[in-house]
Amino acid sequence: MSFATFGIILTCSVVVLFIKFNDTPVVKASGRELSYVLLFGVFLCFCMTYLLIAKPNDIICGAQKFMIGISFATCYAALMIKTNRIARIFNSGKTSAKRPSYISPKSQLVFTVALVGIQVIISTAFIVASPPASIRHYPSREEAQLVCKSLVNTSFMLGLAYPIFLMILCTLYAIKTRKIPEAFNEAKFIGFTMYTTCIIWLAFIPIYLTTANNIEVRITTTCFAISLSGFVVLACLFSPKVYIVLFRPERNKPQGKMLQSKRKIPSAMPSSSYNTSSGATCTESKIML
């Protein structure tokens, strides 16, 4: 639980820092709107630990089934929209200087909410079809445990099917955009995030499926995998931005950013500047990043 508590404190600290420096180039170039959505998803992931270790009852069990999918869907929907946008911008830039459609902050938020909305529908249907309940589980003749019914069988994993699908799509987009020039390398950090997350979940799923008779181990590994996924997002995506904001403020100024872009951006790149979130240009997105 201390692991998740530290994650919540860290996430809130990043949110406060981003709000304080909301109008600086680094925060603008990171896509402020989607960054806040992503941080909210990470916050929900850390909060899941408290739901999983809480004393089971029908309400707690329902919250577990509903929120496990929502928290991950929020994270990976935002990441998928980010990578999709980057891919469309540079694919369009190879053929023409025309601005791609639906890359504004408002459009990105609408698409993200729509993707999360699909998970809300799935989770609601899942709860209606199989109402949550706390039951007594007997791992042995001498032992009885009060647990949520969904944790005894594999139905708990059904709530993660859609987020895993989003994770796979996001990873494919990260691979597709891995050769983006260094000046626009947020795609590289998203790639690091997704590769590491896939490794975590490839290790977690077999452990979860083979610990049906040990609910304590199943809950512990679930909490650890969820929290570790949140830390991966914070470390890979937000720590470079936090480092620049706190320790390299000279790189968080428009003039310094423009000078760097002249030195590093290849002249063959399209000259048009697509707007990043909240008015930042593509030139701005290189500074983290």
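The rules behind the values
Residues numbered from 1 in each chain as written. Predicted model: local features only at pLDDT ≥ 70, side-chain atom pairs only at ≥ 80, totals over all residues. Heavy atoms only, no water. Pairing = 2+ DSSP bridges. Helix = DSSP H or I, 4+ residues; strand = E, 2+ residues; numbered from the N terminus. Axes fitted to C-alpha atoms, helices over the stretch in contact; angles between N-to-C directions. Parallel < 35°, antiparallel > 145°, perpendicular 65-115°, else oblique. Left-handed = near helix turned anticlockwise from the far one by under 90°. Contact = heavy atoms within 4.5 Å. Nonpolar A, V, L, I, M, F, W, Y, C, P; charged D, E, K, R; others polar. Disulfide = S-S within 2.5 Å. Buried < 20%, exposed > 50% of the residue type's maximum accessible area, 1.4 Å probe, protein only. pLDDT = per-residue confidence, 0-100. Phe/Tyr/Trp six-rings, centres within 6.5 Å; stacked < 30°, edge-to-face > 60°. Lys NZ or Arg CZ within 6 Å of the ring centre and 35° of its normal.

Where do I start with the pairing of strand β1 (residues 134–140) in this structure?
On a regular strand, one side chain projects to one face of the sheet and the next to the other, so that they alternate. With 5 bridges connecting them, β1 and strand β2 (residues 143–148) associate as antiparallel partners. Paired with Ser-134 across the strands is Cys-148, a residue of β2. Here β1 hands over to β2 after 2 residues, the two strands then running antiparallel side by side.

Where do I start with the packing of helix α1 (residues 2–20) against helix α3 (residues 32–53) in this structure?
Between α1 and α3, whose axes approach to 9 Å, the crossing angle comes to 160 degrees. In terms of axis orientation, α1 runs roughly antiparallel to α3. For the pair α1 and α3, the sense of crossing is left-handed. In this structure, α1 uses Ala-4, Thr-5, Gly-7, Ile-8, Thr-11, Cys-12, Val-14, Val-15, Phe-18 and Ile-19 to contact α3, whose residues at the interface are Ser-35, Tyr-36, Leu-39, Val-42, Phe-43, Phe-46, Cys-47, Thr-49 and Tyr-50. When grouped by side-chain class, the residues that make up the contact of α1 with α3 number 14 nonpolar, 5 polar and no charged.

Sorry, what's going on with the state of the cysteines here?
Here is the idea: a disulfide is a covalent bond, and it sits between the sulfur atoms of two cysteines. Inspection of the entire model under this criterion finds 1 disulfide. With its sulfur 2.1 Å from that of its partner, Cys-61 forms a disulfide with Cys-148. Given an S-S torsion of about -90 degrees, the disulfide between Cys-61 and Cys-148 has left-handed geometry. Highlighted residues: Cys-61 in helix α4 (residues 58–95) and Cys-148 in strand β2, separated in sequence by 87 residues. Take Cys-148: its relative accessible area is 1%, and that puts it in the buried class. Cys-198 provides the cysteine sulfur closest to Cys-170, a residue in no disulfide bond, and the two sulfurs are 8.8 Å apart. Residue Cys-170 is classed as buried on the basis of its relative accessible area of 0%.

Mind showing me how you'd approach the confidence of the model for the protein here?
Interpreting fine coordinate detail is not advised for predicted regions of low pLDDT. In this model, the protein carries an average pLDDT of 82, and 84% of its residues clear a pLDDT of 70 or more. In the predicted structure, residues 256–262 sits below a pLDDT of 50 and forms 11 contacts with residues beyond four places in sequence or in another chain.

How do you make sense of the packing of aromatic side chains when you look at a structure like this?
The description of an aromatic ring pair uses the distance of the two centres, along with the angle that the planes make with each other. Scanning all chains against the criterion turns up 12 aromatic pairs. Relative to Phe-238, the ring of Phe-18 has its centre 5.7 Å away and its plane inclined at 70 degrees; by these criteria the two rings are edge-to-face. Of the two residues, Phe-18 sits in helix α1 while Phe-238 sits in helix α10 (residues 215–247), which places them 220 residues apart along the sequence. Judged by relative accessible area, Phe-18 falls into the buried class, the value being 0%. Take Phe-238: its relative accessible area is 2%, and that puts it in the buried class. Relative to Phe-192, the ring of Phe-189 has its centre 6.3 Å away and its plane inclined at 80 degrees; by these criteria the two rings are edge-to-face. Residue Phe-189 and its partner Phe-192 are located together in helix α9 (residues 186–209), separated by 3 residues, close to a single helical turn. The class for Phe-189 is buried, based on a relative accessible area of 14%. Above the face of the Phe-189 ring, Lys-188 is positioned so that its terminal group lies 5.4 Å from the ring centre.

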